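# Topology and contacts: notes
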Amino acid sequence: MNVYDSDRMQDLMENVGYETIDTPEGADMVIINTCHIREKASEKLFSDLGRIRPHKNKKEEDGSQMIVAVAGCVAQAEGEEIFKRSKVVDIIVGPESYQTLPDLVGKAIREKKKQINLDFVPDNKFDVFRELAANVGDAGSSYLGGSSRRVSATKGVQKSSDFVTVQEGCDKFCTFCVVPYTRGAEYSREVSKIVDDAKRLVDQGVSEIYFLGQNVNAYHGLDSTGAPSSLAKLIEEVAKIDAVKRIRYTTSHPRDMSDDLLAAHRDIEKLMPFLHLPIQSGSNSVLKGMNRKHTRQDYFKIIEKLRAARPDMGLSSDFIVGFPGETDKDFEDTMDLVRKIGFTQCYSFKYSPRPGTPAADAKIQVEESVKDARLAELQKLLTEQQIEFNKKAEGQVMPVLFEREAPKSKKRTTTQNGRFRQGGEDEVTTRSIQLWGKSPYLQSVIVDVESEEEAANYFGKIAEVKILKSRPSSLVGTIN
Ligand code: 5AD
Ligand code: SF4
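Read on for an overview of the structure. Fair warning: this is a prediction, and the values are worked out from it, not measured in the lab. (Residues numbered from 1 in each chain as written. Chains lettered and ligands numbered in written order. Predicted model: local features only at pLDDT ≥ 70, side-chain atom pairs only at ≥ 80, totals over all residues. Heavy atoms only, no water.)

### A short note on helix α5 (residues 101–111)
- Residues of α5 that are buried include every one of L101, P102, L104, V105, G106 and A108, and no others.
- For α5, the secondary structure elements touched by its buried residues are α1 (2–15), β1 (29–34), β2 (67–72), β3 (91–93) and β4 (115–117).
- Count one or two residues on from α5 and you reach K112, which has phi positive near 50°. (Buried < 20%, exposed > 50% of the residue type's maximum accessible area, 1.4 Å probe, protein only. Helix = DSSP H or I, 4+ residues; strand = E, 2+ residues; numbered from the N terminus. Contact = heavy atoms within 4.5 Å.)

See below:
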C-alpha cells in the first residue's frame, strides 16, 4: 500500500511539473513516505532527515529552495511533533490527505510557512484522482481513481496488471498494529466508481485488476441501488468486463471470509486461485492477546471450505513470532498449523512494539534471542513449503500473464540461421530476452524469447507456458 501511495504522490507532483530523480542532491523537493508497520519507522525518518539536511543547506546557499515533505503513517501519528524535532521539514501530510500535496507545496513556497494536513477524507482523495484521470488523458502520467500507470514511449512498456483501491482503513484494532490509528476507520468506495476505474485501466491495456485495501474483504461499498455490496458482488461486477482477464484482492482478514466470497472462488473463473490470508499465529491464546477475533479452528474451517471451492488454491499468510507472552507451546502451535495447511509463500516477522499500541505496554515481552530462533525455524519451514509448491509446477502447462522484461536479460552468441557454430563467419551476438510474468498462483515465471518484437507481442497477454524448472522463488518455462 505504501509503495502504491508513493507512486500516487510522484504522479501528483509530476502533474504539476516536477520530475523524479534518484538522489536528494539538487532536488527542489524531497518526499519521505513513512510506514509505521515497519520497525523503528520514526527513528528511520529522523535519520533520513539528518541525511537530507546538508543537501537542503547547499540548495539554500545556492540561493534556491528545497521543500521537504513527510508523508505516510509516521506523519499521521506524530503530526506537529515532527516540526519540533526537525527544522528540515516543511510539510507534513497524512495517508488520507496526500492528494492536497501540490497545494501544500504551493503554499509552503509562496507563504514561506510550514504546512500540515492530517485530515481523513478518503472520498475526496479518490475524487481528485478521478478528475486528474479525466484531465490528463494519455499525456505522460494518467490518474485513475486511486490507480495510475506510466507509459514510457521510449521503452514501449505498459502495465498489464494494476491496483484499484476499493477500501481503506481498519476497525479491527489488533493489539500489535498501528493501522487503525494511522489509516483511520474502515471506508469502502462505491461499486460504480471502482467499475469505472477498472474499465479505464483495461482501455489502457491492463488485463489484471488487483483490488487493494487494508481489510479488503470487509468491503461494503454502495451499489447502484444504494445497498451495500460485498467484495464477492464487486468481483462479479468487474468480472463482467470482457477485457478484464484476471482479478485478485489483498489483504484479507479471516473474520470477513464470507461464504459468498468463498463461493466466488468456485464460480468466477477470472478470480485467481490464490489468497493472502494473514493468521499471525497458530495459538489461540496468542490470537486472543492479539485481539484477532478468530481462532485457529476458524482458520482451518475457512481453508477447508476454500479448498472445497477451489482445490488448487495457493495460500499465503503473515506470521508474527515472539508476541508478548508467546510460549514454546504457542510457537509450536504455529509450526503445527503451518505443517497442516501448507503455504505457497508467506511473510513472517519478529514482533516489535509499536508505540501507542496496547501490546507495546505488555510486561511479558519475549527475549530477542528467542524471537530470532523462532523466526529462523518458521522461515525454514515456510521456505521448504514454497520450494515444494514450486517443484510441483515442473512439467505443468499453465497460463502466464506477461508483465515485463525480466531484469536479467542477457547476451548470447548465435548464428544468423539460429544454429550455433562458434567462430563461424555468420556468428552474431544477439540479446536473449527474458520475459517475466505471473502464474495463477502468483509465482514469478520467466521465459526466453528470441527478439524484442517477440517480447512486445507477449506484454500484457496471457500465454500457455510449459514449466521446465523450478527455483525457490520463481519458475522457468517455455511458451507452449
Ligand atoms: N510487529 C511485527 N509485525 C507486525 N505487523 C504489523 N504490526 C507488527 C508488529 N508490531 C505485520 C503483520 C501484518 C503485516 C503487514 O505486518 O503480520 O499482517
Ligand atoms: Fe492491522 Fe489487524 Fe487491521 Fe490488519 S486487521 S490492518 S493487522 S489492525
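### What about the side chain of K270?
- You can see K270 is positioned in the loop between α10 (259–267) and β12 (274–276).
- At 4.9 Å, D242 is the nearest oppositely charged side chain to K270, a buried residue that forms no salt bridge.
- Polar contacts involving the side chain of K270 include one to the main-chain carbonyl oxygen of I241, which spans 3.1 Å.
- There is a polar contact of 2.8 Å between the side chain of K270 and the backbone oxygen of V244. (Lys, Arg positive; Asp, Glu negative; His and termini not counted. Salt bridge = Lys/Arg side-chain N within 4 Å of Asp/Glu carboxyl O. Polar contact = N/O pair within 3.5 Å; in protein donor to acceptor, adjacent residues only side chain to side chain.)

### Description of the nonpolar core
- Within the largest apolar cluster, 52 residues are counted, with the highest numbers of intra-cluster contacts made by F211, L231, I235, Y249, F319 and F343.
- Ranked by size, the runner-up nonpolar core spans 18 residues in total, among them A41, F46, V68 and V74. (Core = buried A, V, L, I, M, F, W, Y, C linked by side-chain atoms within 4.5 Å.)

### Structural notes on the site of ligand 1
- Looking at ligand 1, there are 10 residues lining it, with F176, Q280, D318, K350 and S352 nearest.
- Q280 has a polar side-chain atom sitting 2.7 Å from an oxygen atom of ligand 1.
- When isolated, ligand 1 has an accessible area of 400 Å², and the protein chains bury 87% of it.
- Elements with a minimum of two residues in the shell around ligand 1: β14 (318–321) and β15 (347–350).
- For the shell around ligand 1, a count of residues per class yields 5 nonpolar, 2 polar and 3 charged. (Near = heavy atom within 4 Å. Areas by Shrake-Rupley, 256 points an atom, 1.4 Å probe, with all protein chains shown as cover. Nonpolar A, V, L, I, M, F, W, Y, C, P; charged D, E, K, R; others polar.)

### Digging into the sheet that holds strand β7 (residues 161–165)
- Pairing is parallel in the open sheet, where 3 strands are placed in the order β7-β10-β11. The open sheet has two edge strands with one neighbour each: β7 and β11 (246–250). On average, each strand axis in the sheet is inclined to that of its neighbour by 25°, with strand direction left out of account.
- Sitting on the sheet, helix α9 (residues 231–239) touches β10 (208–212) and β11, and the angle it makes with β11 is about 155°. (Pairing = 2+ DSSP bridges. Axes fitted to C-alpha atoms, helices over the stretch in contact; angles between N-to-C directions.)

### Some points on the layout of surface pockets
- Empty space within the second largest pocket amounts to approximately 570 Å³.
- For the second largest pocket, the lining is made up of 20 residues, of which T20, I21, M29, V30 and I31 are closest to its centre.
- Of all the secondary structure elements, the ones that give two or more residues to the lining of the second largest pocket are α1 and β1.
- Ranked by residues supplied to the lining of the second largest pocket, first place goes to α1 with 5 residues.
- Its residues assigned to classes, the lining of the second largest pocket shows 10 nonpolar, 6 polar and 4 charged. (1 Å grid on protein atoms, 1.4 Å probe; cavity = no way out; pocket = protein on both sides within 12 Å on 5 of 7 lines; lining within 4 Å. Points joined across faces, edges and corners; volume = space filled by probe spheres on them.)

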